[in-house]
Amino acid sequence: MWADQVLAFEKAHLGRLLLWGAASVITGLGCWVFARAQRQNQPFLHHFAIQTGAWGAIDALLALGARPGLALRDYDGLTNLDRFLWFNCGLDAGYIAVAVTLALCGWKLARSRALVGAGVAIGIQGAALLLLDLRFAALLTQAR
């Protein structure tokens, strides 16, 4: 694989992450405004909006922060990137597991719509991040 090809894949991945982050911020803000406009207590939507917007902001900031540091990579740099990417995939799967736990505990034990809303939002974020990271990993694996 050529270093410029890896750099192009990395830039595209960060672009997709930034797009996902921005869309999540907009969605979270829209849900929060909608929940406030209803003037009713909607804990599911309120906590869904908070989690979606916060995760989106973090994703967007990470993508923006990583872009200036991009550079051509040698073989060791590619290996480190690959390992970091698979580590992130494990974290993403962990986010999904935490989300399922929150949602189920909120639904079955606490009867808390707030926990369910937060769990659903975290699950969506974890699944989207896992898909983005797996796509990037597949590109790197194919190109090796």
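Placed above this text is the structure.
Worth saying up front: this structure is predicted, and the values here are computed from it rather than measured.

**A word on the packing of aromatic side chains**
In total, this model carries 2 aromatic pairs according to the counting rule given. With a centroid separation of 6.3 Å and 10 degrees between ring planes, the pair formed by F44 and F48 is classed as stacked. Placement of both F44 and F48 in helix 2 (residues 43-66) is noted, with a separation of 4 residues, approximately one turn of the helix. The partly exposed category is assigned to F44, whose relative accessible area is 33%. Centroid distance W55 to Y95: 5.0 Å. Interplanar angle 80 degrees. Geometry classified as edge-to-face. With W55 in helix 2 and Y95 in helix 3 (residues 75-109), this residue pair connects regions lying 40 residues apart in the sequence. A relative accessible area of 18% means that W55 is categorised as buried.

**Quick notes on the nonpolar core**
Most often, soluble globular proteins keep nonpolar side chains buried together rather than apart. With 10 residues, the main nonpolar core is built from L7, L14, L17, W55, A63, L70, A99, I122, L129 and L132. Where this core is concerned, the elements lending two or more residues are helix 1 (3-37), helix 2 and helix 4 (113-143). Discounting chain neighbours no more than four positions away, the residues touching L14 are A63, A66, R67 and L70. Residues V6, F9, F136 and L140 belong to the second largest nonpolar core, which totals 8 residues.

**Points about the packing of helix 3 against helix 4**
Packing of helix 3 against helix 4 brings their axes to within 8 Å, and their N-to-C directions diverge by 160 degrees. Between helix 3 and helix 4, the crossing angle belongs to the class labelled roughly antiparallel. Here helix 3 and helix 4 pass one another in a crossing that is left-handed. Of the residues contributing to the contact of helix 3 with helix 4, the split by class is 21 nonpolar, 5 polar and 2 charged.

Thresholds, definitions, all that
Residues numbered from 1 in each chain as written. Predicted model: local features only at pLDDT ≥ 70, side-chain atom pairs only at ≥ 80, totals over all residues. Heavy atoms only, no water. Phe/Tyr/Trp six-rings, centres within 6.5 Å; stacked < 30°, edge-to-face > 60°. Helix = DSSP H or I, 4+ residues; strand = E, 2+ residues; numbered from the N terminus. Buried < 20%, exposed > 50% of the residue type's maximum accessible area, 1.4 Å probe, protein only. Core = buried A, V, L, I, M, F, W, Y, C linked by side-chain atoms within 4.5 Å. Contact = heavy atoms within 4.5 Å. Axes fitted to C-alpha atoms, helices over the stretch in contact; angles between N-to-C directions. Parallel < 35°, antiparallel > 145°, perpendicular 65-115°, else oblique. Left-handed = near helix turned anticlockwise from the far one by under 90°. Nonpolar A, V, L, I, M, F, W, Y, C, P; charged D, E, K, R; others polar.

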